[in-house]
There are 2 protein chains.
Amino acid sequence: MTTRDGFYLQNDNDLLQKGLRCAGAINPPTNVGGKRSRVYDVIVVGAGYSGLTACRDLCIAGFNVLLLEARDRIGGRTFTAEVDGHLYEMGGTWVHWNQPHTYREMSRYGLTELLLSHDKSVGVNYYTALLNGNRQIIDHEKAHAMTEKAFRKLCDVDGKLGREVMPLPHDPHFNPKVKAWEKMSVAQRLGQIRHDVTEDEITLLQARLSSIYGADMDKAGFFDVLRWWALGGYTMDGLYETGDEFKLPTGQSSFARCFFDEALKTQNLAYSFNTAAETIEDKGDRVIVNQHWEGKRLICTLPLNLLEHIRFEPPLSTAKMTAATRPGNINHGAKVHLEVQGDALRSWSSASFPVKRACSAFGDGTTARGTTHVVSFGVNKSFSTPEEDARDYVADCKRLHDMDVKKTIWHNWSTDPYSRGSWCMYPPNYSFEHLSALQERQGNILFANSDWAMGWRGYIDGAIERGGLAAKEVSEEVFSSKI
Amino acid sequence: MTTRDGFYLQNDNDLLQKGLRCAGAINPPTNVGGKRSRVYDVIVVGAGYSGLTACRDLCIAGFNVLLLEARDRIGGRTFTAEVDGHLYEMGGTWVHWNQPHTYREMSRYGLTELLLSHDKSVGVNYYTALLNGNRQIIDHEKAHAMTEKAFRKLCDVDGKLGREVMPLPHDPHFNPKVKAWEKMSVAQRLGQIRHDVTEDEITLLQARLSSIYGADMDKAGFFDVLRWWALGGYTMDGLYETGDEFKLPTGQSSFARCFFDEALKTQNLAYSFNTAAETIEDKGDRVIVNQHWEGKRLICTLPLNLLEHIRFEPPLSTAKMTAATRPGNINHGAKVHLEVQGDALRSWSSASFPVKRACSAFGDGTTARGTTHVVSFGVNKSFSTPEEDARDYVADCKRLHDMDVKKTIWHNWSTDPYSRGSWCMYPPNYSFEHLSALQERQGNILFANSDWAMGWRGYIDGAIERGGLAAKEVSEEVFSSKI
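All values derive from a computational prediction rather than experimental measurement. (Residues numbered from 1 in each chain as written. Chains lettered and ligands numbered in written order. Predicted model: local features only at pLDDT ≥ 70, side-chain atom pairs only at ≥ 80, totals over all residues. Heavy atoms only, no water.)

1. Overview of the pairing of strand 9 (residues 134-138) of chain B
All names here are of chain B. Both strand 8 (residues 127-131) and strand 9 contribute to a ladder of five bridges, which runs antiparallel. Residue pairing in the sheet places Thr 128 in a bridge with Ile 137 of strand 9. Hairpin connection of strand 8 to strand 9: two residues between the antiparallel strands, including Asn 132 at a positive phi of 50°. (Pairing = 2+ DSSP bridges. Helix = DSSP H or I, 4+ residues; strand = E, 2+ residues; numbered from the N terminus.)

2. A look at the UniProt feature "binding site: FAD" (unreviewed entry) in chain A
Residue and element names in this part refer to chain A. In the numbering used here, UniProt assigns the "binding site: FAD" (unreviewed entry) feature to Ser 50, Glu 69 and Ala 70. Along the chain, Ser 50 turns up in helix 1 (residues 49-60). In this structure Ser 50 comes out as buried when scored by relative accessible area, which is 3%. When neighbours within four sequence positions are excluded, Ser 50 is seen to be in contact with Thr 301, Ala 448, Asn 449, Ala 463, Arg 466 and Gly 467. Along the chain, Glu 69 turns up in the loop between strand 4 (65-68) and strand 5 (80-83). The residues touching Glu 69, leaving out its near neighbours within four places in the chain, are Gly 46, Ala 47, Gly 48, Ser 272, Phe 273, Asn 274 and Thr 275. (UniProt positions renumbered as here; feature names shortened; annotations may be inferred. Buried < 20%, exposed > 50% of the residue type's maximum accessible area, 1.4 Å probe, protein only. Contact = heavy atoms within 4.5 Å.)

3. Some words on the side chain of A:Ser272
Considering the arrangement of structural elements, one finds A:Ser272 in strand 11 (residues 269-272). Among the polar contacts made by the side chain of A:Ser272, one reaches the side chain of A:Thr275 at a distance of 2.7 Å. (Polar contact = N/O pair within 3.5 Å; in protein donor to acceptor, adjacent residues only side chain to side chain.)

4. Structural notes on the relation of the copies chain B and chain A
For the pair chain B and chain A, the best superposition has an RMSD of 0.0 Å and corresponds to a rotation of 180° with a translation of 0.0 Å parallel to the axis. Seen this way, the second copy is the image of the first under a two-fold rotation axis. Within chain B, B:Pro100 has its C-alpha nearest the rotation axis, a separation of 1.8 Å. Taken together, the interface assignments show that 100% of the residues at the interface of chain B recur at the interface of chain A, consistent with an identical surface on both copies. (Least-squares fit on C-alpha atoms with pLDDT ≥ 70 in both.)

5. Points about the packing of helix 2 (residues 100-108) of chain A against helix 2 (residues 100-108) of chain B
One way to put it is that helix 2 of chain A packs onto helix 2 of chain B with a least axis distance of 8 Å and a crossing angle of 120°. Pair helix 2 of chain A / helix 2 of chain B crosses with left-handed handedness. Residues A:Pro100, A:His101, A:Tyr103, A:Arg104 and A:Ser107 of helix 2 of chain A pack against B:Pro100, B:His101, B:Tyr103, B:Arg104 and B:Ser107 of helix 2 of chain B. (Axes fitted to C-alpha atoms, helices over the stretch in contact; angles between N-to-C directions. Left-handed = near helix turned anticlockwise from the far one by under 90°.)

6. Here's the deal with the sheet that holds strand 16 (residues 333-340) of chain A
All names here are of chain A. A sheet is described by the order of its strands in space; here nine strands give the open sequence 2-1-20-16-19-18-17-8-9, paired in mixed fashion. A single partner strand is all that each edge strand has here, and the edge strands are strand 2 (15-21) and strand 9 (134-138). Geometrically, the sheet is characterised by an average inter-axis angle of 20° between neighbouring strands, direction not taken into account. On top of the sheet, helix 3 (residues 140-155) reaches strand 8 (127-131), strand 9 and strand 17 (349-353); it is set at about 115° to strand 9, its chief contact. Helix 11 (residues 386-400) rests against strand 1 (2-10), strand 2, strand 8, strand 9, strand 16, strand 17, strand 18 (358-366), strand 19 (372-379) and strand 20 (405-410) of the sheet, and its axis sits at about 125° to strand 20.

7. Quick notes on the pattern of salt bridges
Side chains that differ in sign of charge can pair as their charged atoms come close. One pass over the full model with this rule turns up 74 salt bridges over all chains. With a closest N to O distance of 2.8 Å, A:Glu262 and A:Arg108 form a salt bridge. Of the two residues, A:Glu262 sits in helix 9 (residues 252-265) while A:Arg108 sits in helix 2, which places them 154 residues apart along the sequence. Exposure remark for A:Glu262: the relative accessible area of 16% places this residue in the buried category. Look at A:Arg108 and you get buried, because its relative accessible area is 14%. Between B:Arg77 and B:Asp451 there is a salt bridge, with the nearest N and O atoms lying 2.8 Å from each other. Of this pair, B:Arg77 sits in the loop between strand 4 (65-68) and strand 5 (80-83) while B:Asp451 is found in the loop between strand 21 (445-447) and helix 13 (460-482), placing the two residues 374 residues apart along the sequence. B:Asp451 matches B:Arg77 in its accessibility class, with the two residues each being buried. (Salt bridge = Lys/Arg side-chain N within 4 Å of Asp/Glu carboxyl O.)

The following block contains the structure:
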């Protein structure tokens, strides 16, 4: 099974391949053909984790569900590519037991065995910091201590490491005092702490923040950094342990398949892949997609940056449309995998700022062939062609450390018409103004996406949160109408 | 609605009342009468969170379920008593967003608003430490620092605060190195760190450990302390934030009702309260309870200390019986609520060691009448009569601080025939030997209880974990047999 998504470059012969082997590709792509067999109880648009959760919950509860997906695969902004027997996560990757919706599902599907991304014990066991053009080699502990010092300063907005200003990270607006911080960009907040930290410390911090944000510091809202910090237990260790440490050994696409397969097994799931929603019309007694598919309710799980590109009838409310067009998700972060000759770089890590393309890279595993899997994060600014992406990245990573790159594997989420950005991060002054409008239903249409989750927004967890809630709301209504 | 469970003593006239007003009491107690109407798809024995989760999931999936419960209420080792308009949690109380199974359900039922137990800002805002008979008044920060220093020493078994020995707190046996620590009692581990901390620090720590364990230090396994520490993000702040900070404003019984009511709404739930399971016979094609109720499968959610008191036919496996009779849950912790005149003690906290009865007490809220709700933890050693319980507790709490106690409200989980102990804590050398035997199914009978959960064992979270897994396993089997 292959998906059209993703790119694979063989670096020695510069051979580019579009599309990757992926367990999340669904073949045949439909079990209903083009025919409109019925008015479904519920149509779910989008087969990311939000849509999959909604489908599964509704199918188990006995409703007939139609799933429409533009891509040829499940998973949305997550998918696992298999290249020469090694698994690469092209989007959302890391999971943790403190992500309640995700872990509940992992536990339910028996997927609690975990792989560690970081192994600081072998080979080139150090940290490269390329700070303001100055390349330094330091040990992991020192890099950790430098970053942590600056990170603590950044997030200690109340003398209590953020606990007072954001006591409930899953209800981030709870304390009204947080509003002042929500108006601020990361750049502004950095300005406030600059005198308390060294130039190297703040530069290192900015490299790490760039990999969190995928945007320039003046475009990124400080609120989302504070949210992640609070979600990580108000510590940097917690933030990184929940954010980039534990992977699913069988990959995200296998996890996503658990939801899809369970829904399918109920015999209540109809689906059509390669089917992009263009128009969604709420006729009062039913919702019609592309003037063809009909359902009593519709759960729209499209990402924030897509909403303005779908024709809704009646149109989206002014509040929702304003939120959708600002834009809300400013993250154009990139993630590029490198297969590197030899096993030396397994314990290597790095950060770089200012960002040309890559802002961090680290050893993420060793393949069965003994080569090293290096993962690199950066920022898509130019939205360049695939080949340029890969060449830029490789050049940037080589500035960090000498390496013999055999393959480059990535997906460009910014130019992808079905995501138009990476994991969601808000600009300053966005959450208080727009979050509730994004969550609001409109008639028979519910909106469920991680981009407006309460807790782990921008994570897989937020997607499952939203999908589950939408399914529950719809269940109660459609069930009531049946009895 | 009232339950038979719990005691309420009016201290001024020494009037004792058995039974408390509780939203979890179910009336009428059955919707099937005594009649055996059918062979149910699944019988669930026990209406704690494990049983309720299993019932709800199975009912939603369309199976017909019979719930049998010995008590007159749902909730098992949790219930909320309403006394003069104030809510008191008699058992499991605190919840947190890092408890994945619990928080998934809280989010699903819209119960994410939370009450804080601790408010260190008003009235008698200090800490009383009664250490080796010596009563000291110290500030909260100092008490915190003293306890934390000793707690860190206790749990720093690897120079990495436990991260190496227990890297996956939801898979606590993962690193075989942990086995050496699992054989150890808390007393033995305290012996190892005694030279690194002061007498006051270690005594304060023992007071806190007593409230975690409800047992003497030589009976308690160190492994479970290490598990809680790891689950709390390897910090004491995390341990206490997840363990005794956030409460549900409407109470646990209301939360439990969400599960029960959702199951009921499917019209697939039959139930009979006041119905203690005495015999459970697996006949191969069906399971029969009390020679009367019949189901294709049975999910037994009775606590660990009850298993040996039910007659199973065929008998429990040797491995399970060995685990059940050791005993496995050594926790005879007590929790006693006091309504105290005036609002002064809201911010007061305390600890006491060696333990007579109470080992800690702290302000947990202010009633609408302006009196203070003080909660106290201790150890049931004598299993005395209810009146003696209350008098002992009041006397012990008054040794900690002068107070005018108006009411005392509690339940004795140790003498309760349906719990025979408090939240589960294992003795030394138990988990590696018995955990998997406790989890194992036997023919058509599955066993689901927080007492053998993988993650938050002894918490509500562990109950939901086990109940959900059992329901999923049974669903797949019974569904397959239907198509």
